[in-house]
Amino acid sequence: MTDTDRPEPPPHFIRTRIRKDVETEVVQQVVTRFPPEPNGYLHIGHAKSIALNFAMAEEFGGRTHLRFDDTNPMKEEQRYVDAIRDDVGWLGYEWARECYASDYFEQLYAWALHLIDQGLAYVDSQDADAIREQRGTLTEPGRESPYRDRPPAESRDLFERMRAGEFPDGAHVLRAKIDMAAPNINLRDPVLYRIRHQHHARTGDAWCIYPSYDFAHGQSDAIEGITHSLCTLEFEDHRPLYDWLIEHLPVPARPRQIEFARLNLDFTVLSKRRLSRLVDEGHVDGWDDPRMPTLAGIRRRGFTPASIRNFCTEIGVTKSESVIPFGALERNLRDDLNVRAPRRLAVLNPLKVILTNFPDDETEWLELPNHPQNPDMGTREVPLSRELWIEAGDFMIDAPKKFFRLKPGGEVRLRGAFIVRCDEVVKDDSGNVVALHCSFDPDTRSGQPGADRKVKGTIHWLSAEHAVRAEVRLYDRLFSVPHPAADKDRDFVEHLNPDSLQVVSDARIEPGVEAMAPGTHMQFERTGYFVVDRDSTPDAPVLNRAATLRDTWSKIEKQLR
RNA sequence: UGGGGGAUCGUCUAGUGGUAGGACUACGGACUCUGACUCCGUCAGCGGGGGUUCGAAUCCCUCUCCCCCAGCCA
């Protein structure tokens, strides 16, 4: 945890509930779990759940398990297990135990037998279509299966033979015997086990029957001694089934499921299905494309673990569905990086400036602070020479009154250096500005007595001779509408923002930046927060823009129009 | 029209019978060698209608709107 973590989290209903359970000694030690299915990459929505589970255990002196809900070998892969482990660790959390639902297959099987023997479960030998057809609808009750009253001994025999591999996929299924007329569809004899002759990443070919989510999840919680099983709202309907199984099985503990609203972010999508499509159809560059809301993506984009943890605390935990502005995530990044990112100079769209009164062959080394508010972060030497690059946008020929940057005849301070005056504008044949002739005032060197002369504007710059060419990738929101998935008339990919990635191939960066390791964060002054991409090499540096700085000028500029 | 949830400033979120509070955004200002940061200030809300009560966001009735559920996915 870092010093930018906020100390006092606001109260929410889950914290209140757990506190009560602790105070009334319903539980002695709080145990939570984060239970991903290893069938895809984690996204920012998972971060909310991760943060909640770990925070609750930590606050009450308990522990958290990382449990892979690997009950469906058709979808799950080891590489996702590895990626999930990386992501949770990257966020800064340490799980007390790493668990797998598949570790409990033998116990789960024994409990299934127990239900059968009690007359609480039966083997149904119909196919999926028949079962679906009998389930009823939202308004009509279901009909009982013809196999519902099969004697327990017969079900047991069949179930044992299912395990032994005597039947093909789909031939039989184990169902709980609850109530086909229940208004809650989850209680209409839900499927507990299905046959899948499928290799499992962990159990190999040991099993050809696999428990369903409903049968595996609560019992896994009980086995691990999970006290509070926190999940999202769509499982609220499953709680009666969760409780039914716990009550009818000789489980060693009594976990309780509590549901909260999942995270929604605007201008993106957060469902595995849609994220997969973006990857599979090539709309993005992979699961860790910096535009993706996956943890791998936003990490590559340059987001920090602390900023995400703070974000998760800030948004709170409730049962009401909400949509959080993407900007809230960015603000948390800025808050974090503002404090700890060293400052550097970079020019994205270079315009040549010639300091006419600066010696032709000289280099002056200026000492610039790495952080304006934090001297502990030290200083660095930055070269200045006769020819410079400045940001093209920092010069205007016909500048409005409120434009504080360079204009013909005007003065501006070069950050950390001198005040310069624009004496002459050099244009090409078509009238484009190609260079500026400026003169500098040697008395105004930063840190010297004459430096307190005030000018309105300060701009960043780079020595043309020393600046390093770099590729800079500017990222913007992935979609151009706030709720791309909400449009019922159009496919969400039609709302993709065509300008979500802008590659600047000939940007210039301050010498030294090219040598920084991938993953290093910095602020390019007046431009934004950047991170060295994993594609970067000292010979071909690549920087990703994680977030811009707040830009008051652009607002003023808009108002002027 | 079966069941399960949810509705408080633009956004997120406190408040469970006693002056609706905070954060973010927006806006205004101060500061500034980053139009950043920081600081100060301002605007802004209980889905509708009834009822109970001295007093209702909170309790009761009713209406409306939104989300989830008919996988051998999780």
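Residue positions are given per chain, counting from 1 as you read along its sequence in written order. Numbering of ligands from 1 and lettering of chains from A proceed in the order in which they are written. Where local features are concerned, this predicted model is filtered to residues with pLDDT of at least 70; where side-chain atom pairs are given and counted, the filter is 80 or more; whole-chain, interface and lining totals use all residues. With hydrogens and water stripped out, all remaining heavy atoms of the structure feed into the side-chain values.

A. Structural context of the sheet that holds strand β23 (residues 521-524). Between any two strands, pairing holds if DSSP finds at least two bridges. Runs of E in the DSSP output that reach at least two residues are strands. Runs of H or I that reach at least four are helices, and both are numbered from the N terminus. Read from one edge of the open sheet, seven strands run β10-β23-β24-β25-β21-β22-β11, paired in mixed fashion. Either end of the sheet is taken by a strand with one partner, and the two such strands are β10 (343-344) and β11 (346-347). Two elements, β23 and strand β24 (residues 528-532), share four bridges in a ladder whose sense is antiparallel. The partner of Gln-523 across the bridge, within β24, is Tyr-529.

B. Inspection of the pattern of salt bridges at higher detail. Throughout this description, the term salt bridge denotes a Lys or Arg side-chain nitrogen within 4 Å of a carboxyl oxygen of Asp or Glu. Here the structure, examined in full by the defined rule, presents 51 salt bridges. For Arg-17, the salt bridge goes to Asp-21, with nearest N and O atoms at 3.4 Å. Here Asp-21 and Arg-17 lie together in helix α1 (residues 13-23), a separation of four residues that amounts to about one turn. Only protein chains enter the accessibility calculation, which uses a 1.4 Å probe. A residue is then buried if its area is under 20% of the maximum for its type, exposed if over 50%, and partly exposed in between. Given the relative accessible area of 7%, Asp-21 is considered buried. A salt bridge links Asp-535 to Arg-473, with the shortest nitrogen-to-oxygen separation between them at 3.2 Å. Pair noted here: Asp-535 is in the loop between β24 and β25 (542-548) and Arg-473 is in strand β21 (residues 468-475), with a separation of 62 residues, a long-range link. Overall, the relative accessible area of 37% leaves Asp-535 in the partly exposed class. Residue classification places Arg-473 among the buried positions, given a relative accessible area of 14%.

C. Spotlight on the packing of aromatic side chains. Working definition: rings of Phe, Tyr and Trp (its six-membered ring) pair if their centres are within 6.5 Å, and the pair is stacked with planes under 30 degrees apart, edge-to-face with planes over 60 apart, and tilted otherwise. One pass over the full model with this rule turns up 16 aromatic pairs. Ring geometry for Phe-105 against Tyr-210: centres 5.7 Å apart, planes inclined by 75°, an arrangement best described as edge-to-face. Of this pair, Phe-105 sits in helix α4 (residues 105-117) while Tyr-210 sits in strand β7 (residues 209-211), and the two are 105 residues apart along the sequence. By the burial criterion, Phe-105 is buried, and Tyr-210 matches it. Through a chain of ring-to-ring contacts, three or more aromatic side chains come together here, namely Phe-105, Tyr-109, Phe-159, Tyr-193, Trp-207, Tyr-210 and Phe-215. The lysine or arginine in question, Arg-163, covers the ring of Tyr-109, its NZ or CZ lying 4.6 Å from the ring centre. Comment: the charge-over-ring label is applied if NZ (Lys) or CZ (Arg) is within 6 Å of the ring centre and within 35 degrees of the ring normal.

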